[in-house]
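Each chain is listed here by its residues.
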Amino acid sequence: MITDPIADYLTQVRNAVAARHRMVEIPASKIKKDITKILYEKGYILNYKFDDEASVQGNIKIALKYHPETKTPAINSIQRVSKPGLRKYVDSGNLPRVLNGLGIAILSTSKGVITDKEARSLNVGGEVICYVS
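Described below are features of the structure shown in this document.

What counts and what doesn't
Residues numbered from 1 in each chain as written. Predicted model: local features only at pLDDT ≥ 70, side-chain atom pairs only at ≥ 80, totals over all residues. Heavy atoms only, no water. Helix = DSSP H or I, 4+ residues; strand = E, 2+ residues; numbered from the N terminus. Buried < 20%, exposed > 50% of the residue type's maximum accessible area, 1.4 Å probe, protein only. Contact = heavy atoms within 4.5 Å. Phe/Tyr/Trp six-rings, centres within 6.5 Å; stacked < 30°, edge-to-face > 60°. Lys NZ or Arg CZ within 6 Å of the ring centre and 35° of its normal. Expected span 1.5 Å × (residues − 1). Salt bridge = Lys/Arg side-chain N within 4 Å of Asp/Glu carboxyl O.

**Overview of the side chain of T115**
Phase 1: Tracing the backbone shows T115 in strand β7 (residues 112–115).
Phase 2: Assessed through its relative accessible area of 1%, T115 is described here as buried.
Phase 3: The residues touching T115, leaving out its near neighbours within four places in the chain, are I38, K42, I104, A105 and L107.

**Focus: the packing of aromatic side chains**
Phase 1: Under the defined criterion, the tally for this structure stands at 2 aromatic pairs.
Phase 2: Ring geometry for Y40 and Y48: centres 5.3 Å apart, planes at 75°, overall edge-to-face.
Phase 3: Here the aromatic rings of Y48 and F50 are separated by 5.0 Å at their centres, their planes lie at 45°, and the arrangement is tilted.
Phase 4: Connected via pairs of aromatic rings, a cluster forms that spans Y40, Y48 and F50.
Phase 5: The ring centre of F50 lies 5.3 Å from the NZ or CZ of K33, which sits over that ring.

**A word on helix α2 (residues 30–41)**
Phase 1: The end-to-end C-alpha distance of α2 is 17 Å, a good match for the 16 Å that 12 residues give at a rise of 1.5 Å each.
Phase 2: Considered for burial, the residues of α2 that qualify are K32, D34, I35, T36, I38 and L39.
Phase 3: Positive backbone phi, at 85°, marks G43, one or two positions downstream of α2.

**As for the pattern of salt bridges**
Phase 1: All told, the structure shown has 5 salt bridges when counted by the stated rule.
Phase 2: The residue D34 makes a salt bridge to K30 at a minimum N-O spacing of 3.6 Å. Separated by 4 residues within a single helix, D34 and K30 lie in helix α2, roughly one turn from each other.
Phase 3: With a closest N to O distance of 3.0 Å, R87 and E127 form a salt bridge. Linking R87 in the loop between β4 (78–80) and β5 (89–90) with E127 in strand β8 (residues 126–132), this pair joins segments that are 40 residues apart in sequence.
Phase 4: Given a relative accessible area of 40%, R87 falls into the partly exposed group.

Everything listed here is a matter of coordinates, which is why it stays silent on function.
Here is the structure:
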């Protein structure tokens, strides 16, 4: 049985946003930490904390971000692209654009886990992990 921990991570964040939760706690891994850092840098989450003492692998505590007046979430959609059964790779010339540049695509490249815009500037391709808008 093959599991997809990145898809589980994205689903937990998606479900927490749909339920209007303020915090979500997720088991940690290196790639999940990198994705969380990108979501924070791009303004999709309010804050995060890596809790390494909680268990063997540690946890990630994410504070979700909502508009102060309208209470709409910062994350409208977050979807997995490359799956264990069907990997999606792109070269530097065919990097995806999410909502014509309003969203981000997160890629795993030889330079680490980066966004599509950073991959364009570094002229590298890689595996498309997810789309966020």
